Amino acid sequence: MSDAVAPSAVQTDIEQQLLDNAVVYCGVDEAGAGPLCGDVVAAAVILDPDKPIPELTDSKKLTEKKRERLFDEIREKAIDYCIARATVEEIDSINILNARMLAMSRAIDGLQESCQHALIDGNKLPELAMEATAIIKGDALVAAISAASVLAKVQRDREMIKLDALYPEYGFAKHKGYGTKAHLEALAEHGPCEIHRRSYAPVKKLL
């Protein structure tokens, strides 16, 4: 395993080195560390070098409409991908950092195609059986990580919209579980529901 790499042009060098050595690699990212509720969702993606997706970048910089379109394009063009998660219960039990690592390792383990190296967004690595590189701001620098970012973000957003139908009083469809003023006000009025993270301070103080 290598140390975290600071953002610079070296990112493309890492990818090129892997490609030059015929090393199959995946990009990995997660979504949902900050929200007060819901699972944390991760994705691992092996892109096809012969099927580029030019619009890929950090999912947070894309409009919702563009993310939705890219979600389908990534799944169509990727050699392989897997979307995985760590549950609310796991987040509360092992903390969000460890839950993020768990979700990412599950996404990598869920790939059907053989993969030899993982490029992971951030500065920490989950425990893996393969070589991996943590890349700071990788979701804006490495296409495969960007793709994973989009898959994780769209999947989680869709799930929060579905949960909004079950818990309409919280407004999940609008804020996706983040601690907005409207969400905090709803929490104060109605108290936490089943999908709120009990270990997060704004929720914990209401228990």
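Bear in mind the structure is a predicted one, so any value in this text is a computation, not a measurement.

**Q** What is the right way to look at the pattern of salt bridges in this model?
**A** As a working rule, side chains carrying opposite charge can pair if their charged atoms are close by. Counted according to the given criterion, the structure contains 12 salt bridges. Between Lys 66 and Glu 55 there is a salt bridge, and its shortest N-O distance comes to 3.4 Å. With Lys 66 in helix α2 (residues 64-77) and Glu 55 in the loop between β2 (40-46) and α2, this residue pair connects regions lying 11 residues apart in the sequence. Since its relative accessible area comes to 33%, Glu 55 is described here as partly exposed. Among the ionic pairs, Asp 139 bridges to Lys 60, the shortest N-O distance being 3.4 Å. Note that Asp 139 is positioned in the loop between β5 (131-135) and α5 (143-166) and Lys 60 in the loop between β2 and α2, a separation of 79 residues in sequence. Judged by relative accessible area, which is 63%, Lys 60 ranks as exposed. Several salt bridges converge on common partners, so that one network encompasses Asp 39, Arg 85 and Glu 159.

**Q** What exactly am I supposed to notice about the pairing of β5 here?
**A** Along any regular strand the residues' side chains alternate between the sheet's two faces. Burial runs high along β5: four of the five residues are buried. Pairing geometry for strand β4 (residues 117-121) and β5, over five bridges, is parallel. Residue pairing in the sheet places Ala 118 in a bridge with Ala 132 of β5.

**Q** How should I be thinking about the side chain of Asp 157 in this particular structure?
**A** Following the sequence through the fold, Asp 157 ends up in helix α5. Setting aside residues up to four positions removed in sequence, Asp 157 forms contacts with Arg 67 and Lys 176.

**Q** Help me understand the environment of Ile 79, please; the structure alone is not making it clear to me.
**A** Its place among the elements puts Ile 79 in the loop between α2 and β3 (80-86). Judged by relative accessible area, which is 42%, Ile 79 ranks as partly exposed. Distance in space between the C-alpha atoms of Ile 79 and Glu 89 is 32 Å, their sequence separation being 10 residues.

**Q** How do you make sense of unusual backbone geometry when you look at a structure like this?
**A** Most of the time, phi is negative for any residue but glycine, and the peptide bond is trans. Even without glycine at this site, Ala 22 takes up a positive phi of about 55 degrees. Looking at the element boundaries, Ala 22 is found in the loop between α1 (10-20) and β1 (25-31). With a phi close to 55 degrees, Lys 176 is a non-glycine residue in the positive phi region. Its location among the elements puts Lys 176 in the loop between α6 (172-175) and α7 (181-190).

**Q** Looking at this model, I keep getting lost on the nonpolar core. Mind explaining?
**A** Side chains that are nonpolar tend, in soluble globular proteins, to be buried together. Grouped together as the largest cluster of nonpolar side chains are 35 residues, with contacts concentrated most on Cys 26, Val 28, Ile 108, Ala 118, Ile 120 and Phe 172. Top element by residues in this core is helix α4 (residues 96-109). It accounts for six residues. Core analysis: the second largest hydrophobic core is formed by 26 residues, Tyr 25, Ala 43, Ile 145 and Ala 147 among them.

**Q** Any chance you could explain the pairing of β4 here in plain terms?
**A** Counting buried positions along β4 gives five out of five residues, so the element sits mostly inside the fold. The two faces of β4 match: His 117, Leu 119 and Asp 121 on one face and Ala 118 and Ile 120 on the other face are all buried. Summarising the sheet, β1 and β4 pair through four bridges and their orientation is parallel. Each bridged residue has a counterpart across the sheet, and for Tyr 25 the counterpart in β4 is His 117.

**Q** Would you mind going over the side chain of Asp 139 with me for this structure?
**A** For Asp 139, a relative accessible area of 6% translates into the label buried. Residues within four places of Asp 139 in sequence aside, it is in contact with Asp 29, Thr 57, Asp 58, Lys 60, Asp 121, Ile 145, Ser 146 and Ser 149.

**Q** For this particular structure, what's the right way to read the packing of α2 against α5?
**A** It is at 9 Å that the axes of α2 and α5 come closest, and there the two elements cross at 120 degrees. When the axes of α2 and α5 are compared, the pair comes out oblique. Between α2 and α5 the crossing geometry is left-handed. Between α2, through Arg 67, Glu 68, Leu 70, Phe 71, Asp 72, Ile 74 and Arg 75, and α5, the contact on the second element is made entirely by Ala 147, Val 150, Leu 151, Lys 153, Val 154, Gln 155, Asp 157 and Arg 158. For the contact of α2 with α5, the per-class residue count stands at seven nonpolar, one polar and seven charged.

Cut-offs used in this document
Residues numbered from 1 in each chain as written. Predicted model: local features only at pLDDT ≥ 70, side-chain atom pairs only at ≥ 80, totals over all residues. Heavy atoms only, no water. Salt bridge = Lys/Arg side-chain N within 4 Å of Asp/Glu carboxyl O. Helix = DSSP H or I, 4+ residues; strand = E, 2+ residues; numbered from the N terminus. Buried < 20%, exposed > 50% of the residue type's maximum accessible area, 1.4 Å probe, protein only. Pairing = 2+ DSSP bridges. Contact = heavy atoms within 4.5 Å. Core = buried A, V, L, I, M, F, W, Y, C linked by side-chain atoms within 4.5 Å. Axes fitted to C-alpha atoms, helices over the stretch in contact; angles between N-to-C directions. Parallel < 35°, antiparallel > 145°, perpendicular 65-115°, else oblique. Left-handed = near helix turned anticlockwise from the far one by under 90°. Nonpolar A, V, L, I, M, F, W, Y, C, P; charged D, E, K, R; others polar.

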